[in-house]
Amino acid sequence: MRLDAVGLEVMAHAFASIAEEMGLVLVHSALSPNIRERRDASAALFDAEGEMIAQAAHIPVHLGALADAVAAVRNLEPTPGELFLLNDPYAGGSHLPDLTLIGAIDIDGHVGGYSVVRAHHSDIGGMTAGSMPAGARELYQEGLVIPPTRLTPDLERLVLANVRTPAMRRGDLAAQRAAVERGANGLRSLARRQGWTVLRDAARELLDYAERRTKSALSRLPSAAPMTATDYLEGDGVIDDDLEIRVRITIQDGVFHADFTGTRGPAPGNVNCPIAVTRSAVLFVVRTLLPDDVPMNGGVPRAIQVTAPPGCLVNARPPSAVAAGNVETSQRIADTVFRALAAGGCVVPAQGQGTMNNVTFGGLGVGGSGLGEGWTYYETIGGGQGASQGANGPSGVHVGMSNTLNTPIEVLEMEHPLRVRTYALRSDSGGAGTWEGGEGVVREFEALAPMEATLLTERRRHGPAGGAGGQDGKSGANLLNGQRLASKITMRLAAGDVLRIETPGGGGWGKGQST
């Protein structure tokens, strides 16, 4: 059957509502603040051939890479109703703290699709609390590596034996199982109402429709001028050199090709980026170029090609460490692709803060706190978004590949031996222009007990670039008791130490003065 425009819209929302429900079950069931409060998690629904048919509006860096995880599971020939767990960045994962749970949905005794949730667990073992170590040189230093594996009680016991917070991890895994099951029930319920044949055909039509709309939109972008750009990461926790990312964009027959030839080779530290995450960043940029009513499903990536030399910074090979590649390099890839589009004549926003400002705390027990078995805390901090033609950039928001909330101060202080001394917008950090860049954030943490802390941050010496002649945003800063720190560092804090994070402002847009 062929659906008309109204039918396509109805079915797109029907599939999307299942994914949104999965996400709600996950965040309302999870134990950890990182998932429960910050919503550092994503949910999506896939068809039996492994193409995404709907996603919840969650984390771009998660969602664009989930197809690789489903492909890895399909290679294991799942049977209806089976559950699979993975986090291996070289087998469908992103970085080790992101645990992905995939359920093969049973429709009349056959695998009718896959319900998928990915959630950032605030510890998965490794050399530092929180499993985001600065200076890691090998993947194995970052935590327990889980290839695509059928989830059994034995596997769960193995995982829990290798983490610092087993009770919390057990609870978050249970929340993921509940979310996956909700997705399976939702698809089965929809199949009972509509009929499985109708449902399957509708999913295929939606994928084809998204592909057509994407190619049509891309074919209208400027494509004659060279679209190339270079941007840099600020060291990797081992060396402090600027690490080059290069991209060349071509658009032909509605297909967006991003070629990263010329990008630096592998870094010694953990800013290396798996190709699945690189594709996620390019997909994010392309999505911003499309009309809002284009459904976000597996039809959109059909119009995207990503190439990069094997082993380079954005196409990592094992055993390269990748914890910061997922959260920081993905941001710089998006920045670089936007910069190339601007060079080719596309009207795009100025650069936003270009970092997730990753902060991790943890310890192996705090007397009298109820945290005897150990504790970990992770969050990313918002900053300034770049201005665009016609609008100032928002202030204090998560930018680019991140789409999380903040952790409320009350929750942070109630559950961890930390006190938030300051939480405010960073005045005058946005770039000037006809339209001004958004302001960054100041967040100060006081340690109330001895603990370990790790920072993985960017834009600490190169501020986000302005657009169309606008001024750059102000670069960020990390300070411990008033002394500047490196952008990527692991350290010990004593009780009373104050860690201050100043996040970057967004770039301004246009040469004129704001009004």
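Predicted, not measured: the structure shown is a model, and the values here were computed from it. (Residues numbered from 1 in each chain as written. Predicted model: local features only at pLDDT ≥ 70, side-chain atom pairs only at ≥ 80, totals over all residues. Heavy atoms only, no water.)

**Focus on the nonpolar core**
Item 1. Residues I249, F256, F260, V282, I333, V337 and L341 are the most contacted members of the largest nonpolar core, which totals 55 residues.
Item 2. Those elements that place two or more of their residues in this core are α7 (196–219), β7 (227–234), β8 (242–252), β9 (255–259), α8 (275–288), β10 (304–307) and α9 (323–343).
Item 3. With nine residues, the top contributor of residues to this core is α9.
Item 4. Those residues in contact with I249, other than ones at most four positions away along the chain, are M227, F256, H257, A258, V337, A340 and L341.
Item 5. In this structure, L3, I53, V159 and L206 belong to the second largest nonpolar core, which totals 48 residues. (Core = buried A, V, L, I, M, F, W, Y, C linked by side-chain atoms within 4.5 Å. Buried < 20%, exposed > 50% of the residue type's maximum accessible area, 1.4 Å probe, protein only. Helix = DSSP H or I, 4+ residues; strand = E, 2+ residues; numbered from the N terminus. Contact = heavy atoms within 4.5 Å.)

**Some words on the pattern of salt bridges**
Where charged atoms from two side chains of opposite charge come close, those side chains can pair.
Item 1. Under the counting rule described, the total for this entry stands at 31 salt bridges.
Item 2. Notably, a salt bridge pairs R188 with E181, separated by 3.2 Å at the nearest N-O pair.
Item 3. Its relative accessible area of 22% is what places R188 among the partly exposed residues.
Item 4. The salt bridge involving E458 is made with R332; its shortest N-O contact spans 3.2 Å. Taken as a pair, E458 in the loop between β15 (451–456) and β16 (477–480) and R332 in helix α9 lie far apart in primary sequence, 126 residues in all.
Item 5. A relative accessible area of 0% places R332 in the buried class.
Item 6. Look at the salt bridges and you will find they share partners, linking D231, R332, D335, R339, E458, R459 and K488 into a network. (Salt bridge = Lys/Arg side-chain N within 4 Å of Asp/Glu carboxyl O.)

**Some thoughts on the environment of L3**
Item 1. The residue L3 is located in the segment before α1 (5–29) in this model.
Item 2. Residues L3 and L418, 415 residues apart in the sequence, show an inter-C-alpha distance of 55 Å.

**Structural notes on the sheet that holds strand β12 (residues 375–379)**
Item 1. If you trace the four strands from one edge of the open sheet to the other, you get β12-β11-β15-β18, paired in antiparallel fashion. The open sheet has two free edges, formed respectively by β12 and β18 (488–493), since each of these has just one partner strand. Ignoring which end each strand starts from, the neighbouring axes of this sheet average 15° apart.
Item 2. Pairing of β15 with β18, which is carried by six bridges, proceeds in the antiparallel orientation. Each bridged residue has a counterpart across the sheet, and for E452 the counterpart in β18 is R492. (Pairing = 2+ DSSP bridges. Axes fitted to C-alpha atoms, helices over the stretch in contact; angles between N-to-C directions.)

**Details of the sheet that holds strand β3 (residues 83–86)**
Item 1. One open sheet holds the six strands; their spatial order is β2-β1-β5-β4-β3-β6, and the pairing between them is antiparallel. On the outer flanks of this sheet lie β2 (52–55) and β6 (149–150), each paired with one strand and no other.
Item 2. As paired strands, strand β4 (residues 98–107) and strand β5 (residues 110–120) are joined by 10 bridges and run antiparallel to one another. Bridged to L101 within β5 is V117.
Item 3. Seen against the sheet, α1 touches β1 (41–47), β2 and β5 and runs at an angle of roughly 145° to β1.

**What to know about the confidence of the model for the chain**
The predicted coordinates ought not to be read in detail in places where the model reports low pLDDT.
Item 1. Of the residues in the chain, 97% reach a pLDDT of 70 or more, and the chain-wide mean stands at 94.
Item 2. The model gives residues 367–371 a pLDDT under 50, and that stretch makes five contacts with residues more than four places away or in other chains. (pLDDT = per-residue confidence, 0-100.)

**Structural notes on the side chain of D231**
Item 1. In this structure, D231 sits in strand β7.
Item 2. A relative accessible area of 4% means that D231 is categorised as buried.
Item 3. Within the structure, D231 has its side chain in polar contact with the side chain of Q351 (distance 3.0 Å). (Polar contact = N/O pair within 3.5 Å; in protein donor to acceptor, adjacent residues only side chain to side chain.)

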